[in-house]
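In case you want the letters, here they are:
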Amino acid sequence: MSKDNNRRSMLEKAMKEHDYQEGALLEILHKAQELYGYLSKELLMELSGSLNLPPSHVFGVATFYSYFKFKPLGEHLVTACLGTACYVKGVEEIVLAIEREFNLKRGESTADGKLSLLITRCIGACAMAPNIMIDGEVIGKATKEGTLEHLKRLLGGVETETS
Amino acid sequence: MEGSKLKLADIQKIAEHELDFQRAYVHRINVCCSSACVHLGALKVLKAFEDAIKEFEVERECKVAKTGCIGTCSVGPVVIIDSGGRARPRLYQNVTPEKVRKIVQDNIVLGLPAAEMLYKNEAFFKKQHRLVLRNVGKIDPSRIQDYIAMGGYSAIVKCLATMTPQGIIYEVVNSGLRGRGGAGFPTGQKWSMVARAHDSPKYVVANLDEGDPGVFANRTLAEADPHAIIEGMLIAAYAIGAEKGYIYARAEYPLAIETLQKAINQARAMSLIGGSVLETPFKFDLELRFGAGAFVAGEETAILASVEGRRAMPRPRPPYPANSGLWGKPTLIQNVETLANIPIIVQNGGAWFAKIGTPKCTGTKCFSLTGEINNPGLIEVPMGTTLREVVFEIGGGVPEGRKFKAVLVGGPSGGCLPENLLDLPIDYDSLAKVGAIMGSGGIVVLDDKSCMVDTAKFFTDFCVEESCGRCTPCRAGLARVQEIYKGIIEANGKMEDITTLEKAGVYIKEASLCGLGQTAPNPVLTTLRYFKDEYFEHIKEKVCRAGKCFKKEKEV
């Protein structure tokens, strides 16, 4: 609860810094996602109240930009770069392999909430294509086998430690 | 120094002071710490150098510093050791923390190159001409003093001390500089339009929303030399009479944002921005704004909507942003690469700049060179350089055993050009003639593993996803094109699809509201123009010579 209060007050502070201006909506959405990890419906409703903007406007802006997420993400994140260079270098095959292996679709999380698979358009490390990011760490010149192994190790890691 | 207000003459003093400081060292070890090299462990290498110079007791003669992207991203982390005037700086490749001791021992202690780690590919740099990337590999982007020591901020001092706004615009017009964001509109003309606009306040917006997948030239510039962008904005603001500026950066570029934020804070501490600039009557302040993953936000009216906190949807022009931009006020929007050219134009004069490149397209252009190529990375070449020089000389051609097939110029809405067009000089007009665009500077090389139908579909998918939905040709037209491609690669193609694609492509180009729709069919039209055989094969024989299509159903 205190963590929640804390986040709330940080968000309030950010809004205050921007004088609750309409023009700062994007900045505030960035801040909210940074604090909460995703933008829930309740959170967007609250923002619309605080900024005195119609919910339709806040939802409209938030959903326009692909950077904002509306569902909580899994414990671990694997992000595939689907920029041109990575595509040419065969990242699609790696994505298909992850989808098959962990039974999830791009943009979704596994049923147990352990892993989310996201797609991004170019992280700008094109010379190292194809690039896969696992929990924020970029793996350049990624391979299908290497990526699957890395993910299995990551997801299996908790169990082996406790056993 | 910080805190007390700086005056015009102080910039020169800072430069001299910093140069004295730098002369105290014999060797400067510059570790590339741009995104690509950091991913490969450059920060550990940096630490290893700091440790190694202590171990060999050469701390007093060595300075270890971070630097921006040197361009040879495929062999990172890379390190440049500059030992002053006597020798050329040495570039080391694939440096790991384990190799650092050997480099320090050989290069610093013994004064010999650590030959086995040297970057030997001279051809990569030979044809390049680095104007925009002038400070890359030489300065630490996180230190404003480094930039000033290289002559940075002396152009704004020159402007404020000796030039009138009209005089600056005159030089920019004379330079022939054209917007580097893709469309190539003459920069000087844009500045005169905003300067002439009567309304106030006026704004300057720097476009760093490099949304093109496969392009990283702007990001690299921001990470390597953020002050060049800020100085360019200052000069532009002074010339057009603006007091406020925004840099609109992609949120996906955390390192570029961090570097820029730091640079803005330093410039503010030195009273270069944030009020009266260097105690002159000219006032300017600057803020960073973040994009949130929308390709269309790079369009000039869309970027304005986004800076105002709305959906990044373009609007019809006129009115042009020069007259009615941010909050309806006159606004100058320039790509960051364009802005980084400005200080050197002011320093050396427009006529000097106009001699570089071709008569109609002056100066240089940065490209990110990627795909199936031996030396991918960041390059800067004079306008008029041919694609062949870029792909085969600088880029080293396609890896052994593969065959060159096409080069994609201009990002997802660029054109796919075949081998017989490789002698085309790179400039706005030549590229437009063959159906490609300069775009923000992406060159992706495709080899015989790539299927041109699949490639065109990939870009169409991208543009469908990124279409903002405002105008029908782009929203509905591209979706229809996408459906046809889906049919073709699922073996349901019909011969009339080719005519439909050609027609749709032309309609979408002509009728769309903004640059996204107007260029989105380029990959479709160029692949149809130069690689029509592959379409026939897909439709009639259900064969994909690259083996990309028709197999997806089986796999799923």
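Residues numbered from 1 in each chain as written. Chains lettered and ligands numbered in written order. Predicted model: local features only at pLDDT ≥ 70, side-chain atom pairs only at ≥ 80, totals over all residues.

As for the overall build of chain A
Convention followed: Strands are runs of DSSP state E lasting at least 2 residues, helices are runs of H or I lasting at least 4, and numbering of each runs from the N terminus. Residue burial here comes from a neighbour count, namely the number of other C-beta atoms, placed from the backbone, that lie within 10 Å of the residue's own C-beta, with 20 or more meaning buried, 12 or fewer meaning exposed, and in between meaning partly exposed. Two residues form a contact once the distance between their C-beta atoms, set from the backbone, is within 7 Å.
Looking only at helices and strands, chain A features 7 helices and 4 strands. In terms of overall dimensions, chain A has a C-alpha envelope of 50 × 40 × 25 Å along the principal axes. Evaluated residue by residue, chain A yields a buried proportion of 35% over its 163 residues. Sequence-distant contacts, at least 24 apart, represent 57% of the contacts inside chain A between residues at least 6 apart.

Describing the overall build of chain B
Basically, it comes down to this: Within these notes, the globule rule equals 2.2 Å times the number of residues to the 0.38 power, and the radius of gyration is based on C-alpha atoms.
When its secondary structure is counted, chain B shows 24 helices and 14 strands. Relative to a compact globule of 556 residues, whose C-alpha radius of gyration would be 24 Å, chain B shows 24 Å and is just as compact. Across the 556 residues of chain B, 57% fall into the buried class. Contacts in chain B between residues far apart in sequence, at least 24 positions, make up 74% of those at least 6 positions apart.

A closer look at the domain arrangement of chain B
Reports of interface size often rely on the accessible area that becomes lost once the parts have come together. What counts is decided by this rule: As used throughout, domain bounds are those supplied by an automatic or database domain assignment.
Taken domain by domain, chain B consists of domain 1 (24-122), domain 2 (151-166 + 177-354), domain 3 (364-446) and domain 4 (452-555). The distance between the C-alpha centroids of domain 1 of chain B and domain 4 of chain B comes to 47 Å.

So, the interface of chain B and chain A
So the rule is basically this: All amino acids are sorted into three groups, where Ala, Val, Leu, Ile, Met, Phe, Trp, Tyr, Cys and Pro are nonpolar, Asp, Glu, Lys and Arg are charged, and the leftover types, Gly among them, are polar.
Tallying the contact residues gives 37 residues for chain B and 33 residues for chain A. For the side of chain B that touches chain A, the secondary structure elements donating two or more residues are helix 2 (35-39), strand 10 (364-371) and strand 14 (442-447) of chain B. For the side of chain B that touches chain A, the residue count by class is 17 nonpolar, 13 polar and 7 charged.

Here we look at the sheet that holds strand 10 of chain B
All names here are of chain B. Stated formally: A pair of strands is treated as paired once DSSP finds two or more bridges between them. Lines fitted to C-alpha atoms define the axes here, with helix axes fitted over just the stretch in contact, and angles between the N-to-C directions of these axes take values from 0 to 180 degrees.
Strand order in the open sheet made by the 5 strands is 11-10-14-12-13, with mixed pairing throughout. Two strands bound the open sheet, and with one partner strand each, they are strand 11 (377-382) and strand 13 (415-418). Averaged over all pairs of adjacent strands, the angle between strand axes in this sheet comes to 30°, irrespective of strand direction. With 5 bridges connecting them, strand 12 (residues 404-409) and strand 14 associate as antiparallel partners. Among the inter-strand pairings, alanine 406 is bridged to a residue of strand 14, identified as leucine 446. Running over the sheet, helix 10 (residues 217-224) touches strand 10 and strand 11 and is turned about 115° from strand 10.

Concerning the packing of helix 7 (residues 154-162) of chain B against helix 11 (residues 226-240) of chain B
All names here are of chain B. Selection criterion: We call two directions roughly parallel when the angle between them is under 35 degrees, roughly antiparallel when it is over 145, roughly perpendicular when it lies between 65 and 115, and oblique otherwise. For any pair of crossing helices, the crossing counts as left-handed if the nearer helix is rotated counterclockwise from the farther one by less than a right angle, and right-handed if it is rotated clockwise.
Closest axis-to-axis distance for the helix 7/helix 11 pair is 9 Å, and the angle between their directions is 15°. Taken together, helix 7 and helix 11 sit at an angle that is classed as roughly parallel. In this structure, the crossing between helix 7 and helix 11 has a hand that is left-handed. Together, Ala155, Ile156, Cys159 and Leu160 of helix 7 and Glu231, Leu234, Ile235 and Tyr238 of helix 11 make up the contact between the two elements. In terms of residue class, the contact of helix 7 with helix 11 is built from 7 nonpolar, no polar and 1 charged.

Details of the nonpolar core
Residues and elements named next belong to chain B. Stated formally: Nonpolar cores are built from buried Ala, Val, Leu, Ile, Met, Phe, Trp, Tyr and Cys residues. These are joined into a set through C-beta atoms within 7 Å.
Ranked by size, the top nonpolar core spans 230 residues in total, and within it Phe49, Ile235 and Ala236 carry the most contacts. Per element, the largest residue contribution to this core is 11 residues, and it comes from helix 11. When residues no more than four places from it in sequence are discounted, the contact partners of phenylalanine 49 are Ile29, Val31, Val64, Val100 and Val104.

Topic: the confidence of the model for chain B
What counts, and what does not: The predictor's confidence in any single residue is recorded as pLDDT, a number from 0 to 100.
The predicted model of chain B has a mean per-residue pLDDT of 93, with 98% of residues at 70 or higher. Two summary scores accompany this predicted model of the complex, namely pTM at 0.94 and ipTM at 0.89.

Points about helix 9 (residues 187-196) of chain B
All names here are of chain B. What counts is decided by this rule: For this quantity, the arc is that covered by the directions from the helix axis to the C-beta atoms.
All of the buried residues in helix 9 are Thr187, Gly188, Lys190, Trp191 and Val194. One side of helix 9 carries all its buried residues, which in axial view fall inside an arc of 160°. The inward-facing, buried residues of helix 9 contact helix 8 (165-175), helix 11, strand 9 (331-335) and helix 14 (336-348).

Some thoughts on the sheet that holds strand 1 (residues 76-81) of chain A
Residues and elements named next belong to chain A. The 4 strands are arranged 2-1-3-4 in an open sheet whose pairing can be described as mixed. At either end of the open sheet lies a strand with only one pairing partner, and these are strand 2 (115-120) and strand 4 (137-139). Geometrically, the sheet is characterised by an average inter-axis angle of 25° between neighbouring strands, direction not taken into account. Relative to strand 4, strand 3 (residues 132-134) runs antiparallel, the two sharing 3 bridges. Counterpart to methionine 133 in the pairing with strand 4 is valine 138. Helix-sheet contacts for helix 6 (residues 91-102) involve strand 1, strand 2 and strand 3, and the interaxial angle to strand 1 is about 150°.

Quick look at helix 11 of chain B
Residue and element names in this part refer to chain B. The following threshold applies: Every helix has an expected span of 1.5 Å times one less than the residues it contains.
With 15 residues, helix 11 extends 22 Å between its outermost C-alpha atoms, agreeing within 8% with the 21 Å of an ideal straight helix rising 1.5 Å per residue. Counting buried positions along helix 11 yields 15 of 15 residues, so the element is predominantly enclosed. Backbone geometry just after helix 11 places glycine 241 at a positive phi near 85°.

Side note on the environment of A:Ala142
All names here are of chain A. Structurally, the position occupied by alanine 142 is in the loop between strand 4 and helix 7 (144-162). With 140 residues separating them in the primary sequence, alanine 142 and serine 2 have C-alpha atoms 41 Å apart. Alanine 142 has contacts with Ile94, Pro130, Asn131, Ile132 and Thr147, leaving out every residue within four places of it along the chain.

Description of the pairing of strand 9 of chain B
All names here are of chain B. Across the 5 residues of strand 9, 5 count as buried, placing the element largely inside the fold. Residues Thr331, Ile333 and Asn335 line one face of strand 9 and the alternating positions Leu332 and Gln334 line the opposite face, and both faces are buried. Across 5 bridges, strand 5 (residues 203-208) lies against strand 9 in parallel orientation. Of the residues in strand 9, the one forming a bridge with asparagine 207 is asparagine 335.

Describing unusual backbone geometry
Here the amide bond leading from A:Ala129 into A:Pro130 is cis, since omega sits at -5°, within 30 degrees of zero. Look at the link from B:Pro318 to B:Pro319: it is a cis peptide, with omega at 0°. By the secondary structure assignment, B:Pro319 is in the loop between helix 13 (300-307) and strand 9. The phi angle at A:Asn52 is positive, at roughly 60°, despite the residue not being glycine. For A:Asn52, the location among the structural elements is in the loop between helix 3 (41-50) and helix 4 (55-64). With 8 C-beta atoms packed within 10 Å, A:Asn52 lands in the exposed category. At B:Tyr153, a residue that is not glycine, the phi angle is positive and equals roughly 65°. For B:Tyr153, the position within the fold is in the loop between helix 6 (144-149) and helix 7.

Description of the environment of B:Leu369
All names here are of chain B. Considering the arrangement of structural elements, one finds leucine 369 in strand 10. Placed 76 residues apart in sequence, leucine 369 and valine 445 show a C-alpha to C-alpha distance of 7.8 Å. Apart from the residues within four sequence positions on either side, leucine 369 is in contact with Pro376, Gly377, Ile379, Val390, Gly395 and Ile443.

Section: the pairing of strand 14 of chain B
All names here are of chain B. Among the 6 residues of strand 14, 5 are classified as buried, and the element is accordingly described as predominantly covered. As paired strands, strand 10 and strand 14 are joined by 4 bridges and run parallel to one another. Bridge pairing links glycine 371 to valine 445 in strand 14.

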